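Residue-level structural notes
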Amino acid sequence: MPRLYGERIMLREYRAEDLPSMRRWCNDPEIVDNLSDAFLYPITLNGTEEYLNSVLNGETDQKGFIIAHKDTEEYIGQIDLFRIDWKNRSTELGIVIGMKEFHGHGYGTEAIMLMQEFVFNRLNLNRLQLEVNDFNTRAYQCYLKCGFKEEGRFRERTYINGRYADSIYMSILKREYEERKGMAL
């Protein structure tokens with residue numbers, strides 16, 4: 001995949017040397033509690049290496065990028081597409097800002113906007129969707145800022161830290177993205 005450039009970040013290819021950065025966050029409850037149940041149990045070094053190798057070797061249906069600092073190419077996080085449906089022109093988005101020092105500075109927003117450009121204008125998909133837990137208000141606000149609309153909730157779908165949480169389903173359509181893009185000009 002090509003590299004995508006924003007103001008402060010680039011979306012670049014995964015690399016073997018990203019492993020130590022991925023290991024910094026993959027067992028951090030402050031980060032993984034906001035992600036899927038794939039992080040329910042501790043992730044071993046071998047598990048992280050196997051995941052990274054599957055991406056590097058093209059052995060997964062997941063497609064995506066490392067979010068990196070534009071000037072240094074330093075790892076910030078990951079943004080990926082899952083379950084690309086070419087017939088119905090849709091895909092699911094997953095994102096993590098793994099380095100805590102980059103939280104709350106708009107890097108996720110910038111990465112999502114670059115990914116929307118890629119999804120709608122390069123892949124010619126029509127729908128980009130995601131799922132977020134109701135307690136992850138920072139991510140929810142970021143998604144709204146990026147034009148995603150809430151479509152529905154699965155009430156008390158997720159159990160975490162002693163309570164049930166709603167799973168919120170959100171999406172943005174290509175025409176909505178184009179409308180937003182037109183308003184920004």
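About the thresholds
One numbering rule holds for all chains: residues counted from 1, following each sequence as written. For this predicted model, a pLDDT threshold of at least 70 governs which residues receive local features, and a threshold of 80 or more governs which side-chain atom pairs are given and counted, while totals over whole chains, interfaces and linings are taken from all residues. Side-chain numbers here rest on the full set of heavy atoms in the structure, without hydrogens or water. A helix here means a DSSP run of H or I that spans at least four residues, while a strand means a run of E at least two residues long, and both kinds are numbered starting from the N terminus. Throughout, the radius of gyration refers to the C-alpha atoms, and the reference size of a globule is 2.2 Å times the residue count to the power 0.38. Throughout this description, buried means an accessible area under 20% of the type-specific maximum (1.4 Å probe, protein chains only), exposed means over 50%, and partly exposed covers the range between. We call two residues contacting when some pair of their heavy atoms lies within 4.5 Å. Counted as a polar contact is a pair of N or O atoms within 3.5 Å, where, for protein atoms, one must be capable of donating a hydrogen and the other of accepting one, and residues adjacent in sequence contribute only when both atoms are in side chains. When DSSP locates at least two bridges between a pair of strands, those strands are taken to pair. Between the N-to-C directions of two axes lies an angle of 0 to 180 degrees, each axis being a line fitted to C-alpha atoms and, for a helix, fitted only over the stretch in contact. We define the nonpolar core as a collection of buried residues of types Ala, Val, Leu, Ile, Met, Phe, Trp, Tyr and Cys that are connected through side-chain atoms lying within 4.5 Å of one another. Salt bridges are defined by distance alone: a side-chain nitrogen of Lys or Arg within 4 Å of a carboxyl oxygen of Asp or Glu.

On to the overall build of the protein, then. Of the regular secondary structure elements, the protein holds six helices and eight strands. In sequence order, the protein lays out its α and β elements as β-β-α-α-α-β-β-β-α-β-α-β-β-α. In summary, the protein has a C-alpha radius of gyration of 16 Å against a globular reference of 16 Å for 185 residues, a match within 12%. Projecting the C-alpha coordinates of the protein onto the three principal axes gives extents of approximately 45 × 40 × 35 Å.

With phi around 55 degrees, Asn-124 is a residue other than glycine that occupies positive phi space. Turning to its location among the elements, Asn-124 is positioned in the loop between helix H4 (107–122) and strand E6 (127–133). Although it is not a glycine, Asn-161 sits at a positive phi angle of roughly 50 degrees. Within the fold, Asn-161 resides in the loop between strand E7 (149–160) and strand E8 (163–173). Overall, Asn-161 belongs to the exposed group, its relative accessible area being 66%.

Summarising the element assignment, Gln-116 is placed in helix H4. In this structure Gln-116 comes out as buried when scored by relative accessible area, which is 0%. Those residues within four positions of Gln-116 in sequence are excluded, and the remaining contacts are Asn-121, Leu-128, Cys-146, Phe-148, Ile-172 and Tyr-177.

What follows concerns the environment of Lys-87. In this structure, Lys-87 sits in the loop between strand E4 (75–85) and strand E5 (90–97). Judged by relative accessible area, which is 70%, Lys-87 ranks as exposed. Sequence separation between Lys-87 and Leu-125 is 38 residues, and the spatial gap between their C-alpha atoms is 9.5 Å. Only 3.2 Å separates the side chain of Lys-87 from the side chain of Asn-88, close enough to count as a polar contact.

Let us now look at the pairing of strand E2 (residues 9–12). Of the two faces of E2, the one holding Ile-9 and Leu-11 and the one holding Met-10 and Arg-12 are both buried throughout. Bridge analysis of E2 against strand E3 (residues 63–69) gives four bridges, and the strand direction is antiparallel. By the bridge assignment for E3, Arg-12 is matched with Ile-66.

Here eight strands make up an open sheet; going across it, the order is E1-E2-E3-E4-E5-E6-E8-E7 and the pairing mixed. If you trace the sheet from one side to the other, it starts and ends with strand E1 (4–5) and E7, each paired once. Helix-sheet contacts for H4 involve E1, E2, E3, E4, E5, E6 and E8, and the interaxial angle to E5 is about 160 degrees.

With that settled, the discussion passes to the nonpolar core. Nonpolar side chains tend to gather and get buried jointly when the protein is soluble and globular. Counting 50 residues, the largest nonpolar core has Ile-79 and Phe-148 as the members making the most contacts within it. Of the residues forming this core, the biggest block, eight residues, is contributed by H4. Among all residues touching Ile-79, those that are not within four sequence positions of it are Leu-11, Gly-64, Phe-65, Ile-67, Leu-93, Gly-94, Ile-95, Ala-111, Ile-112 and Met-115.

Turning our eyes to something else, we now look at the pattern of salt bridges. Taken as a whole and assessed by the stated rule, the structure comprises 17 salt bridges. Here Glu-13 makes a salt bridge to Arg-15, at a shortest N to O gap of 3.1 Å. Exposure remark for Glu-13: the relative accessible area of 31% places this residue in the partly exposed category. Across the pair Lys-100 and Glu-30 runs a salt bridge, and its minimum N-O distance is 3.3 Å. Placement of Lys-100 in the loop between E5 and H4 and of Glu-30 in helix H2 (residues 29–32) is noted, with a sequence separation of 70 residues between them.

Moving on, we get to the environment of Glu-131. Mapped onto the elements of the fold, Glu-131 is located in strand E6. Distance in space between the C-alpha atoms of Glu-131 and Tyr-14 is 23 Å, their sequence separation being 117 residues. In contact with Glu-131, other than residues within four places in its own chain, are Arg-157, Ser-167, Ile-168 and Tyr-169. In terms of polar contacts, Glu-131 uses its side chain to reach the side chain of Ser-167, at 3.2 Å. Engagement of the side chain of Glu-131 in a polar contact is seen with the side chain of Tyr-169, the distance being 3.4 Å.

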